[in-house]
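Structural overview
The chain contents come next:
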Amino acid sequence: MQERYAYYPGCLASLSQKELDSSTRAIAQKLDIELVEMPSVTCCGAGDIHEAKPDYYLHISARILGQAEQMGCETILTICNVCTLNLRQANKALQEDPALLNRINDNLKEVGAATYQGGVDVRHLLWEVSEGNGYEAFKGIAVKSLEGLKVAPFYGCQILRPSKILGFENPDSPQSLERLISACGAEPIDYPAKVKCCGFPIVLAREDVALGELVQPLEQAVEAGADVIVTPCPLCHLSLDAWQRKAADFAGKELGIPILHLAQLLGAAAGIEESELKFKRHVTRLSPEVKAKLQMPSVIGTEA
Amino acid sequence: MTEIKNAHFTTLQGAYDTELMEATLRIRRWDPDTQRARFDTFTVTVPVTASVLDALDAIKDTRDGTLAYRKSCRMAVCGSCGMRIDGGAALACKTPMKKFVDAGHTITVSPMGNLPVIKDLVVDMAPFWEKIRAVKPYLDTRDEDVPDTEWRVAPEHHDMIHKESLCILCGCCVSECNSMESDPDFLGPAALAKAYRFVGDARDTDTRERLRDLNGAHGIWDCTRCYFCNQRCPKGVDPRDAIAKLGAESFKEGFVRDEGARHAKVFVDSTYKGGYLRETELVPKTIGPVNAVKDIPFALQLARAGKVPNPLSPHKAKDNDEVKRLWKLLEKEAKGAERPRALHPDAVREG
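Everything numeric here is computed off the predicted structure, so don't read it as measured data.

Moving on: the sheet that holds strand β6 (residues 187-188) of chain A. All names here are of chain A. Strand order in the open sheet formed by four strands is β6-β5-β7-β8, with parallel pairing between adjacent strands. Of all strands in the sheet, those with a lone pairing partner are β6 and β8 (259-261), marking the two edges. Here strand β5 (residues 150-153) pairs with strand β7 (residues 228-231) via three bridges, running parallel. Within β7, the residue paired with Ala 152 across the bridge is Ile 229. In the packing of helix α11 (residues 234-242) onto the sheet, the strands contacted are β7 and β8, and the crossing angle to β8 comes to about 165°.

Before going further, it helps to spend a moment on the interface of chain B and chain A. How big an interface is tends to be stated in terms of the accessible area lost upon association of its parts. Counting from both sides, the interface comprises 54 residues of chain B and, opposite them, 51 residues of chain A. Those elements that provide at least two residues to the side of chain B that touches chain A are α9 (178-182), α12 (228-232), α13 (239-252), α14 (259-273), α15 (279-287), α17 (296-304) and α18 (321-336) of chain B. Split by residue class, the side of chain B that touches chain A holds 25 nonpolar, 18 polar and eleven charged.

The next thing to look at is the sheet that holds strand β5 (residues 107-110) of chain B. Residue and element names in this part refer to chain B. Ordered in space as β2-β1-β5-β3-β4, the five strands form an open sheet in which the pairing is mixed. The sheet is open, and its two borders are formed by β2 (36-47) and β4 (88-91), each paired with just one other strand. Ignoring which end each strand starts from, the neighbouring axes of this sheet average 35° apart. Two strands pair when backbone bridges link them, and strand β1 (residues 20-31) and β2 are joined in this way by twelve bridges, in the antiparallel orientation. Bridge pairing links Asp 31 to Arg 36 in β2. Across the face of the sheet, helix α3 (residues 52-62) comes into contact with β1, β2, β3 (82-85) and β5 while running at roughly 105° to β2.

This brings us to the pairing of β1 of chain B. Residue and element names in this part refer to chain B. Hairpin connection of β1 to β2: four residues between the antiparallel strands, including Gln 35 at a positive phi of 55°. Pairing between β1 and β5: three bridges, direction parallel. Across the sheet, the residue bridging to Arg 26 is Thr 108, located in β5.

All names here are of chain A. As assigned here, chain A comprises domain 1 (4-125) and domain 2 (144-293). Averaged C-alpha coordinates put domain 1 and domain 2 at centres separated by 25 Å. Contact residues are listed per partner, giving 25 residues for domain 1 and 26 residues for domain 2. The dominant element in the side of domain 1 that touches domain 2, judged by the number of residues it contributes, is helix α2 (residues 18-30), at nine residues. When its residues are assigned to classes, the side of domain 1 that touches domain 2 shows ten nonpolar, ten polar and five charged.

Our next topic: the domain arrangement of chain B. Residues and elements named next belong to chain B. Domain parsing of chain B yields domain 1 (2-123), domain 2 (126-252) and domain 3 (267-325). Taking the mean C-alpha position of each, domain 1 and domain 2 sit 31 Å from one another. Listed by partner, the interface residues are 15 residues for domain 1 and 15 residues for domain 2. Breaking the side of domain 1 that touches domain 2 down by element, the ones donating at least two residues are β3 and β4. Per-element accounting of the side of domain 1 that touches domain 2 gives the leading share, four residues, to β4. Looking at the side of domain 1 that touches domain 2, its residues break down into eight nonpolar, five polar and two charged.

About the criteria used
- Residues numbered from 1 in each chain as written.
- Chains lettered and ligands numbered in written order.
- Predicted model: local features only at pLDDT ≥ 70, side-chain atom pairs only at ≥ 80, totals over all residues.
- Pairing = 2+ DSSP bridges.
- Helix = DSSP H or I, 4+ residues; strand = E, 2+ residues; numbered from the N terminus.
- Contact = placed C-beta atoms within 7 Å.
- Axes fitted to C-alpha atoms, helices over the stretch in contact; angles between N-to-C directions.
- Nonpolar A, V, L, I, M, F, W, Y, C, P; charged D, E, K, R; others polar.
- Domains from an automatic or database assignment.

The following block contains the structure:
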């Protein structure tokens, strides 16, 4: 793990999923790493701009990567699967095709934007804390054992596939989340849908198709006896958390399982206060029992 | 019985003097007469160079002749032996057995997903072919006179559809398509990669009609971007990327009415207007104001948790004028660009 990252929280963590941003900042402080702000960045395009306007997508990606370069950062730290895939996919295309990079830099120059020389890597927080120095550093700050908490890891798609762009771990049997859950003193719960899709990219355009996908991890995690699901992606989180009621109606059964952002789980084990982890910002609320297992002291009845 | 056990490879062993290994496979069996599934485990002796398909052949030849699976070329060209190996679709002929044997791992072999099982590892490909046929998998040049000699396609125009041309129609991408599990009528990755192979073909003149058909229900905007298709394809076709290219072609041709396209447009517009996504515009602009109003109770649930940003003060990134200028520059550039076209032989002769 490095000491200094260009921090790219992305749209969701900056807007509707602010609890992820504040949890990440709190964890970074504990880990003693500097998150350098990127005030001039756009959305990564979330796959939508890649699909609608691929050339524009490459340009805005080069602009984001170029800003990190000009800030003197070797690595952009992401906290969202979709940002990770989109920035890495563009980065690979730009690094492998000098003619493309030249043309894009010419255009960036023309509009007065930062150009990109190809020297930046894009890494997700999960990758940085689940192995090597980052993992050791996390174990060093995980002072509270979340013993008794059963956690179902949900990876989401775009941190695993396609592995030729992501490539951190085996996309069919990933272990990074399990390793971190264990490091928190909690128990990882296994279930087949942990590597499948949450349906979020099409939840507005094709709600029924998306809900048919979303019910699988929710049902399986509940059946496997999980107390909570943890995910490294704020889009998966929004799907699993905010669309859970609709998924339950779709499946015709009760679900009611709280969803944690990865940084919230790590934060709980690191003893970070609830005021920074902001569980109140979840649609599917945490029960007092789950909060107790997360080592979050709360007086029953005071929660909204 | 030991003699029979190795009978299948006595000739191979003689020919290549190959080292042998013991391979164990757990196979899902499906009996169409009794409509029952069971798992059988077999251990066979095979050369260390054996593929999963070779091991299945050894089982069929020496253990159980009723085991059903498809095969033909044995060299990853015919696309017959797609099946799930440890849950992931792959070509049995292209998957070496040795890595599993070395790891002491018993593989589980089962039929591909998203297609009905006929017997054991054989699936009914009829729904697969139906979707391939639905995208008109042939060149349509009806707007041009039929030439006497060949069309001339520039190498860079061929490159545009090179990856999609590599498809061997094995079905591995379809097997794990998450959207297709949820919507069996979704055209799916194989048919859509095939569709792009013709939309992107510089000789084809049916582009607009093709795109119109692909922009409806069960078309390109059903794709949930799970990327299983890219991960599983044994030939590097990357069907998800082909679907994205169909989206881009749809935008170029002005097919932007599908909810999926409208959703994508909000992302595009948000970046040059402010920087980050305008989340509050996403719902009404994707599903329309009427449906958005119907969804108000749901929106209130989200608002209570603080998940609805203030629509009156959308995010404004610093220096975002750069992005606006960039957008204008690229749109101007794109306007001047012409569709890649093959040269009609007459034009070549005249030119």
